[in-house]
Amino acid sequence: MGYLLLLLATLSWSFVGILVKSTTGFVDSTTIAFARFAFGIVFLGGLLLLKDRALKLRFNMKWIWIGAAGKCCNYLFENIALSIGYSYGNILIGPIQTVILLVLSAFWFKEHVSVRGWIAAALCIVGVLLISWNGLSLSELLQGGMVTSLLYGLAALGTAFHVLSQKVLIKEMDAGNMNFSVFLVCTVLLALPLPWTFSWSGEFSVYGLLALVLLGVITGLGFYWFSLALKLVSFPIAVIVSNSWVLFSILWAYLFYHDPITIYVIGGGGLFVAGLVLLNLPLRSAVERQISRKMAGPSGGADVR
């Protein structure tokens with residue numbers, strides 16, 4: 001059962017790129033982000049009510065709001081970048097987030113980061129640079145490649161703060177109710193600008209609506225499946241399998257949108273997957289232990305896609 005849950009989480013994360021891409025001609029990026037959270041709380045809330053018969057909401061903690069702000073930025077910038085780039089582009093968020101957390105650990109929390117951690121960060125950076133370059137000329141890179149990379153960098157910064165909020169909040173809340181509280185705040189925050197930002201193609205699309213619903217399922221249940229899997233599957237196996245979503249994402253982009261998969265994309269993806277695995281194996285990463293110890297919260301850290 002643990003392997004099935006792990007596979008469900010991994011595969012669900014891998015479909016985010018093509019699902020967002022399929023909705024970009026249907027509604028605007030802000031609406032997509034709002035729908036991801038709105039449908040997410042419906043599915044997660046329903047699951048929690050079936051399981052516990054109650055929802056334990058908390059809104060009086062600053063890290064709920066910090067986490068919500070970070071996750072809103074994550075989804076908004078990710079959606080914008082996917083709308084103008086390839087449907088596998090969001091694979092850049094994970095390695096950039098890893099580097100950000102390492103830097104925060106070293107310079108904000110004043111903790112020692114091991115040599116293995118810096119080597120992993122270097123692999124992630126080189127992988128990101130290869131994919132961002134993707135063989136483009138300097139003019140093409142400045143015109144489009146750098147813009148999408150910057151957007152993914154901002155998305156990664158947002159999700160890094162969401163991860164930090166999880167490490168603080170998990171001490172006082174279970175994962176399900178913690179994420180429900182954060183996602184509910186996200187839904188409200190993103191509903192505020194909708195009267196000014198809402199844009200619709202004017203045509204009803206069954207596929208577009210289905211994609212939004214599936215994105216909500218992934219948002220609401222992806223992390224929950226992963227957290228349950230961690231209780232049943234060894235951590236090293238979970239690290240390797242969960243990071244494979246990057247490779248699946250590239251595959252779906254090629255099969256569904258015929259996005260060009262170059263040697264730069266394959267090489268870059270391989271490098272930062274190696275960096276992510278190196279950071280977490282054979283033990284939990286130094287940054288996981290250091291941030292957790294500093295903030296008095298348990299380690300963990302797969303972010304919700």
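See the structure shown above.
Predicted, not measured: the structure shown is a model, and the values here were computed from it.

> Can you walk me through the pattern of salt bridges in this structure?
Pairs may arise between side chains of opposite charge once their charged atoms sit close together. According to the stated counting rule, one finds 3 salt bridges in the structure shown. A salt bridge links Arg36 to Glu78; its shortest N-O distance comes to 3.4 Å. You can see Arg36 sitting in helix H3 (residues 29–52) and its partner Glu78 sitting in helix H4 (residues 62–84), a full 42 residues away along the chain. For the residue pair Arg36 and Glu78, the accessibility class agrees, reading buried in each case. In this structure, the salt-bridge partner of Lys51 is Asp52, at a minimum N-O distance of 3.2 Å.

> Explain the packing of H3 against helix H8 (residues 175–191) to me, please; I cannot follow it from the model alone.
In the contact formed by H3 and H8, the axes pass within 9 Å of each other and the chain directions differ by 150°. Here H8 runs roughly antiparallel to H3, going by the angle between their axes. You can see that H3 and H8 cross each other, and the crossing is left-handed. Contact with H3, carried on its side by Thr30, Ala33, Phe34, Phe37, Ala38, Ile41, Leu44, Gly45, Leu48 and Asp52, involves Gly176, Asn177, Asn179, Phe180, Phe183, Leu184, Cys186, Thr187, Leu190 and Ala191 of H8 and no other residues of that element. Tallied by class, the residues present in the contact of H3 with H8 amount to 13 nonpolar, 6 polar and 1 charged.

> Whenever I open this one, empty space enclosed by the protein confuses me. Can you help?
The gaps left among the atoms become clear once a water-sized probe is rolled over them. Counted under the stated rule, the structure contains 2 cavities of 30 Å³ or more. A volume near 40 Å³ is recorded for the second largest cavity. Together, 10 residues line the second largest cavity, and Leu44, Asn179, Gly220, Phe223 and Tyr224 are the ones closest to its centre. Of all the secondary-structure elements, those providing two or more residues to the lining of the second largest cavity are H8 and helix H10 (206–230). Taken together, the residues of the lining of the second largest cavity sort by class into 6 nonpolar, 4 polar and no charged.

> Got a minute to help me understand helix H12 (residues 245–257) in this structure?
Since the α-helix packs 3.6 residues into each turn, any two residues three or four apart lie on the same face. Spanning 13 residues, H12 covers 17 Å between terminal C-alpha atoms, matching the ideal 18 Å at 1.5 Å per step. When we look at burial in H12, the residues that qualify are Trp245, Val246, Ser249, Ile250, Trp252 and Ala253. Summarising the axial view, the buried residues of H12 lie within an arc of 165°, below the 170-degree limit, and thus occupy one face. Just downstream of H12, His258 is the residue with a positive phi angle, here 55°.

Basis of the calculations
Residues numbered from 1 in each chain as written. Predicted model: local features only at pLDDT ≥ 70, side-chain atom pairs only at ≥ 80, totals over all residues. Heavy atoms only, no water. Salt bridge = Lys/Arg side-chain N within 4 Å of Asp/Glu carboxyl O. Helix = DSSP H or I, 4+ residues; strand = E, 2+ residues; numbered from the N terminus. Buried < 20%, exposed > 50% of the residue type's maximum accessible area, 1.4 Å probe, protein only. Axes fitted to C-alpha atoms, helices over the stretch in contact; angles between N-to-C directions. Parallel < 35°, antiparallel > 145°, perpendicular 65-115°, else oblique. Left-handed = near helix turned anticlockwise from the far one by under 90°. Contact = heavy atoms within 4.5 Å. Nonpolar A, V, L, I, M, F, W, Y, C, P; charged D, E, K, R; others polar. 1 Å grid on protein atoms, 1.4 Å probe; cavity = no way out; pocket = protein on both sides within 12 Å on 5 of 7 lines; lining within 4 Å. Points joined across faces, edges and corners; volume = space filled by probe spheres on them. Expected span 1.5 Å × (residues − 1). Arc of directions from axis to C-beta.

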